[in-house]
Amino acid sequence: MSHTRNTGPMRASLRCGARTRNGETCRAPALRGKARCRMHGGAWGSGAPFGNGNAVKHGFFTGEAIDERKFVRTMLSEAESLLRTLPAASETIGNSRDRGTQHTLPGTDSPPSHLTNDRK
């Protein structure tokens, strides 16, 4: 059964110019005054928001995050260069467990509590 009263104007209307997933053009009729159908952006409220809201950066690539990473890199390089300029550490500061000696805390005559074997 054909619907003769609707088929003429429907066939005469402009078609949507969007490309489908299979590469063909969309066969749906374009909305009045638009170049796209209701499914491809012709409907009211469709499309990107005004003011390019889709281009808002967040997370890893914000200016604040980039500046923070740059700051951390400069601080690390400055700390590394400072450590290179310091004199070499003396042998008494090394690992005392290998030599059988114990460290004492500066200003005290007793070793640190984690190095003693006093268990209560």
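Predicted model, so just to flag it, every value in this text is computed and none were measured. (Residues numbered from 1 in each chain as written. Predicted model: local features only at pLDDT ≥ 70, side-chain atom pairs only at ≥ 80, totals over all residues. Heavy atoms only, no water.)

*Asks:* What is the right way to look at the overall build of the chain in this model?
*Replies:* Secondary structure summary: the chain contains three helices and zero strands in total. The N-to-C order of helical and strand elements in the chain reads α-α-α. In the chain, which comprises 120 residues, the share counted as buried stands at 10%. Restricting to contacts in the chain with at least 6 residues of sequence separation, those with at least 24 account for 2%. As displayed, the chain offers around 11,300 Å² of accessible surface, 56% of which is attributable to carbon and sulfur atoms. (Helix = DSSP H or I, 4+ residues; strand = E, 2+ residues; numbered from the N terminus. Buried < 20%, exposed > 50% of the residue type's maximum accessible area, 1.4 Å probe, protein only. Contact = heavy atoms within 4.5 Å. Areas by Shrake-Rupley, 256 points an atom, 1.4 Å probe, with all protein chains shown as cover.)

*Asks:* When you look at a nonpolar patch on the surface in this model, what are you seeing that I'm missing?
*Replies:* Where nonpolar side chains cluster on the molecular surface, the patch consists of Phe71, Val72, Met75 and Leu76 and spans about 400 Å² of accessible area. Within the secondary structure layout, Met75 lies in helix 2 (residues 63–85). (Patch = residues over 30% accessible without salt bridge, like charges linked within 9 Å, V, L, I, M, F, W, Y side chains within 5 Å. Salt bridge = Lys/Arg side-chain N within 4 Å of Asp/Glu carboxyl O.)

*Asks:* Even after reading the chapter, I still don't get the environment of Thr85, so can you show me in this structure?
*Replies:* Tracing the backbone through its elements, the reader meets Thr85 in helix 2. Given a relative accessible area of 61%, Thr85 falls into the exposed group. Separated by 2.7 Å, the side chain of Thr85 and the backbone oxygen of Leu82 make a polar contact. (Polar contact = N/O pair within 3.5 Å; in protein donor to acceptor, adjacent residues only side chain to side chain.)

*Asks:* Can you walk me through the pattern of salt bridges in this structure?
*Replies:* Side-chain pairs of opposite charge can arise where the charged atoms are in close proximity. Under the counting rule described, the total for this entry stands at one salt bridge. The partner of Arg84 in a salt bridge is Glu80, and the shortest N-O contact between them spans 2.5 Å. Of this pair, Arg84 and Glu80 both sit in helix 2, separated by four residues, roughly a single helical turn. Classification of Arg84 by relative accessible area gives exposed; the value is 64%.

*Asks:* Quick question: what am I supposed to make of the environment of Met10 here?
*Replies:* Relative to the assigned elements, Met10 resides in helix 1 (residues 4–12). Exposure remark for Met10: the relative accessible area of 46% places this residue in the partly exposed category. A C-alpha to C-alpha distance of 7.5 Å links Met10 and Pro29, two positions 19 residues apart in sequence. What Met10 contacts, discounting residues up to four positions off in sequence, is Arg15 and Pro29.

*Asks:* It is not clear to me how the nonpolar core should be interpreted in this structure. Could you clarify?
*Replies:* Nonpolar side chains tend toward joint burial in soluble globular proteins. Counting residues in hydrophobic clusters, the biggest one holds five residues: Cys16, Ala18, Cys26, Ala28 and Cys37. Contacts of Cys26, omitting those with residues within four sequence positions, involve Arg15, Cys16, Ala18, Thr20, Cys37 and His40. (Core = buried A, V, L, I, M, F, W, Y, C linked by side-chain atoms within 4.5 Å.)

*Asks:* Would you take a moment to explain the packing of aromatic side chains for this structure?
*Replies:* A ring pair, where both rings are aromatic, is described by two values, the distance of the centres and the angle of the planes. Inspection of the entire model under this criterion finds one aromatic pair. Ring geometry for Phe60 versus Phe61: centroids 5.1 Å apart, planes at 90°, classification edge-to-face. Between Arg69 and the ring centre of Phe60, over which it is positioned, the NZ or CZ distance is 3.8 Å. (Phe/Tyr/Trp six-rings, centres within 6.5 Å; stacked < 30°, edge-to-face > 60°. Lys NZ or Arg CZ within 6 Å of the ring centre and 35° of its normal.)

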